[in-house]
Amino acid sequence: MFKTRQESSHIVLAKSLAEKVRKFVDELIIPNEPQLNNDRSSTFHIHSELISQARSAGLWGLFYPLSYGGKIASLEDYLLIAEQEGRTEFSAAIFGSDTVVDAHMLAKFGSKAILKNFLEPMISGQAIPSYGMTEPERSGSIPALITTSASLANGSWLINGRKWFVSNIDRATFTTVLARTAGENAALDNSLSMIIVPADTPGFRIERKISIMGSNLSQGEISFSNVTVPEQNLLGTCGSGTYLMSQRLGMGRLLRSMNWLGLAQRCMDLMGARIHSDRAKTALLADKQLVRQHFVNVYEAIASARELIRVAARHIDAQCASDIEINVAKLAASRALCIASDSAIQLYGAEGISDLTPLASISRIARASRILDGTAEALISSTGRRLIHFYKENDGYQFI
Ligand SMILES: Cc1cc2nc3c(=O)[nH]c(=O)nc-3n(C[C@H](O)[C@H](O)[C@H](O)COP(=O)(O)OP(=O)(O)OC[C@H]3O[C@@H](n4cnc5c(N)ncnc54)[C@H](O)[C@@H]3O)c2cc1C
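Note that the coordinates shown come from a computational prediction; the quantities given were computed from them, not determined experimentally.

A. Spatial organisation of the overall build of the protein. Within the protein, the secondary structure is distributed over 14 helices and eight strands. A compact globule built from 400 residues would reach a C-alpha radius of gyration of about 21 Å, and the protein, at 22 Å, matches this within 12%. Across its three principal axes, the protein shows a C-alpha extent of roughly 75 × 60 × 45 Å. For the protein, the proportion of contacts with a sequence separation of at least 24, taken over those separated by at least 6, is 73%.

Here's what the structure looks like:
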């Protein structure tokens, strides 16, 4: 392996965990993918077994806050692990990393009651979070339009509204809801709040499951009809929802991008396997320039996204991240996955779009990556605005 200088102990630790995660993914998760692709209710026992194996192997919740059992403190270091984990779409739930953003949000902004009632059970695997922001009647790209309302009376929040495309809905035990706590004319910066609602609260209902491109990825629509929860279920302070959302999205976008990078690498590996298969050798595919072009495009997309993610992670670690680094990293990771899955499918021909390889399933994730956690257009628009604004007051952008 390429090694230029003495590696510090935290990088050595991240590399060794990344190797273990890769082995676990290759030996225990990928062989089970065909079964895991079925509805979760029928594969519950496989998930549970793999989760307990991940826990026993010391690979559960590696990026949880250190005080809650996490082993890695830096997002930049965690990239090495997250990309290995991301090589299959099923890893996040098995390694507990689909709850990492919630763990950090609750640890940082939760009341004592939230830590005890939601965070601690989540860390031990007894509670599962979901996040309700997007609404059926409003554009998810514009949080200012959120209509779900919450009002405080007699020590309780009264919540009414509807959310959709909420992930993990089939197993979540609580939802962090982004709700309007000030009138429609109040400034966005202090009109929204995040409140935690246990899934067994009267008035909370799962209206329906929503499949994504023909597959159940565990999204659904939920409603709140006169739901009441204690005042202490407020995350952060009243009106801090917009700030909390930016914190959540920043880390969430980057973690998701790291996983997508892993999936893109898997596509490239599958391309490599295909090109050296007997059938490809017979057709002399490795000698075709257009085939070579696919490899170069995929390599370039992955390598550049990887570097952009690393830079954004470094900024978050140093607590000086701006939307520019994070959004561009997310755009690049999503593009890398789209290019890689598309090229891999092309090289596999008909098999690529069948269920005989994981590629069709990966391409579903790739397509969704341009929409979830902020649509590509919304990210481009806000990042472009910031860059143009930057030059109002500065004459040179410094890349660090
Ligand atoms: C797999 C998956 C999982 C998800 N999980 C969750 C979850 O757990 N919790 C949750 O709350 N939500 C979740 N979502 C919803 C997701 O966050 C939203 O879909 C996303 O924010 C976009 O909102 P929207 O769908 O309402 O699209 P809209 O905001 O209506 O955007 C639709 C289109 O309008 C155009 N557009 C929008 N803004 C601009 C702009 N500024 N400039 C130019 N064009 C623009 C773009 O073409 C855009 O694609 C998930 C979605 C998916 C697909």
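B. Fine view of the pairing of strand β2 (residues 149-153). Note that β2 and strand β3 (residues 156-166) share five bridges and pair antiparallel. Residue Leu152 lies in a different strand from β3, and its bridge partner there is Trp157. Where β2 folds back on β3, the antiparallel hairpin that results is connected by two residues, among which Asn154 adopts a positive phi of roughly 50°.

C. Highlighting the site of the ligand. The ligand sits among 23 residues. The nearest are Met133, Gly140, Ser141, Ser167 and Glu377. Taken together, the elements giving at least two residues each to the shell around the ligand come down to β1 (129-132), β3, β7 (215-230) and α14 (376-393).

D. Geometry of the domain arrangement of the protein. Each assigned domain of the protein is listed with its residue range as follows: domain 1 (9-110), domain 2 (129-235) and domain 3 (243-393). Of the residues lining the interface, seven residues belong to domain 1; the matching set on domain 2 comes to six residues. Of the residues that constitute the side of domain 1 that touches domain 2, the class distribution is two nonpolar, two polar and three charged.

E. Layout of the packing of helix α10 (residues 289-317) against helix α11 (residues 323-348). Taken N-terminus to C-terminus, the directions of α10 and α11 make an angle of 155°; their axes are 8 Å apart at the nearest point. Of the possible angle classes, the one that applies to α10 and α11 is roughly antiparallel. Crossing geometry of α10 relative to α11 is assigned as left-handed. When its residues are assigned to classes, the contact of α10 with α11 shows 18 nonpolar, six polar and two charged.

F. Region of interest: helix α6 (residues 100-109). Taking burial as the measure, the 10 residues of α6 include seven buried ones, the bulk of the element. If you check which residues of α6 are buried, you get Val100, Val101, Asp102, Ala103, His104, Met105 and Leu106. Where α6 is buried, its residues contact α7 (112-123), β1, β4 (174-180), β8 (234-235) and α8 (241-275).

G. Fine view of the environment of Ile146. Along the polypeptide, Ile146 turns up in the loop between β1 and β2. The class of Ile146 is buried, set by 24 C-beta atoms lying within 10 Å. Linking Ile146 and Leu192, residues 46 residues apart in sequence, is a C-alpha distance of 8.4 Å. Non-local contacts of Ile146, meaning those with residues more than four positions away in its chain, are made with Glu135, Arg138, Leu178, Arg180 and Leu192.

H. Region of interest: unusual backbone geometry. With a phi angle near 45°, Met213 is a residue other than glycine that sits in the positive phi range. Examined against the element boundaries, Met213 turns out to sit in the loop between β6 (204-212) and β7. With phi around 50°, Leu284 is a residue other than glycine that occupies positive phi space. Owing to 9 C-beta atoms within 10 Å, Leu284 belongs among the exposed residues under this scheme.

I. Looking closely at helix α3 (residues 44-56). Over its 13 residues, α3 runs 18 Å from end to end, which matches the ideal 18 Å to within 8%, given 1.5 Å per residue. A positive backbone phi angle near 75° is found at Gly58, which sits one or two residues after α3.

J. Representation of the packing of helix α4 (residues 75-85) against α10. Two elements in contact, α4 and α10, have axes separated by 8 Å at closest approach and are oriented at 140°. It follows from the interaxial angle that α4 and α10 lie oblique. Where α4 approaches α10, its residues Leu75, Glu76 and Leu79 are matched on the opposing element by Ile309, Arg310, Ala313, Arg314, Ile316 and Asp317. Looking at the contact of α4 with α10 residue by residue, the class counts come to five nonpolar, no polar and four charged.

K. Spatial organisation of the nonpolar core. Counting residues in hydrophobic clusters, the biggest one holds 102 residues, and the most contacted among them are Ile81, Ile195, Ala264, Cys267, Ile309, Ala336 and Ala340. Those residues in contact with Ala340, other than ones at most four positions away along the chain, are Ala264, Cys267, Met268, Val298, Ala301 and Ile302.

L. A look at the pairing of β6. Pairing of β6 with β7, which is carried by seven bridges, proceeds in the antiparallel orientation. Its bridge partner being in β7, Arg205 is matched across the sheet by Ser223. Taking the residues between adjacent antiparallel strands as the criterion, β6 and β7 are bridged by two residues, where Met213 takes a positive phi near 45°.

M. Layout of the environment of Arg274. Here Arg274 lies in helix α8. The exposure class assigned to Arg274 is partly exposed, which follows from the 19 C-beta atoms found within 10 Å. Sequence separation between Arg274 and Ile142 is 132 residues, and the spatial gap between their C-alpha atoms is 43 Å. The contact partners of Arg274, leaving out residues within four places of it in the chain, are Ala280, Leu347 and Tyr348.

N. Spotlight on the environment of Arg180. Mapped onto the secondary structure, Arg180 falls in strand β4. Owing to 21 C-beta atoms within 10 Å, Arg180 belongs among the buried residues under this scheme. In the structure, Arg180 is positioned 58 residues away from Cys238 in sequence and 9.9 Å away in space, judged by C-alpha atoms. Residue contacts for Arg180: discarding those within four places in its chain leaves Ile146, Thr147, Thr148, Ser149, Ser191 and Leu192.

Rules used in this analysis
- The written sequence of each chain sets the order in which its residues are numbered from 1.
- pLDDT decides what is reported in this predicted model: residues at 70 or higher carry local features, side-chain atom pairs at 80 or more are listed and counted, and totals for whole chains, interfaces and linings draw on all residues regardless.
- Here a strand is any run of E in DSSP of at least two residues, a helix any run of H or I of at least four, and the numbering for each starts at the N terminus.
- Using C-alpha atoms as the atom set, the radius of gyration is obtained and then compared with a globule rule of 2.2 Å times the number of residues to the power 0.38.
- Whether two residues are in contact is decided by their C-beta atoms, placed from the backbone, lying within 7 Å.
- Pairing between strands is defined by DSSP: at least two bridges between the two strands are required.
- A residue counts as near a molecule or strand when its C-beta atom, positioned from the backbone, falls within 6 Å of it.
- All the domain ranges listed were derived from an automatic or database domain assignment.
- As a working rule, the residues Ala, Val, Leu, Ile, Met, Phe, Trp, Tyr, Cys and Pro are called nonpolar, Asp, Glu, Lys and Arg charged, and the rest polar, with Gly in that last group.
- The axes are straight lines fitted to the C-alpha atoms, using for helices just the contacting stretch, and the angles between their N-to-C directions are given from 0 to 180°.
- For this classification, under 35 degrees means roughly parallel, over 145 means roughly antiparallel, 65 to 115 means roughly perpendicular, and everything else is oblique.
- Left-handed describes a crossing in which the near helix is turned anticlockwise from the far one by less than a right angle; the clockwise case is right-handed.
- Whether a residue is buried, exposed or partly exposed follows from its count of other C-beta atoms within 10 Å of its own C-beta, namely 20 or more, 12 or fewer, or something in between, respectively; the C-beta atoms are built from the backbone.
- Here a helix's expected span is defined as the number of its residues, less one, multiplied by 1.5 Å.
- For this entry, the nonpolar core is defined as buried Ala, Val, Leu, Ile, Met, Phe, Trp, Tyr and Cys residues connected by C-beta atoms within 7 Å.

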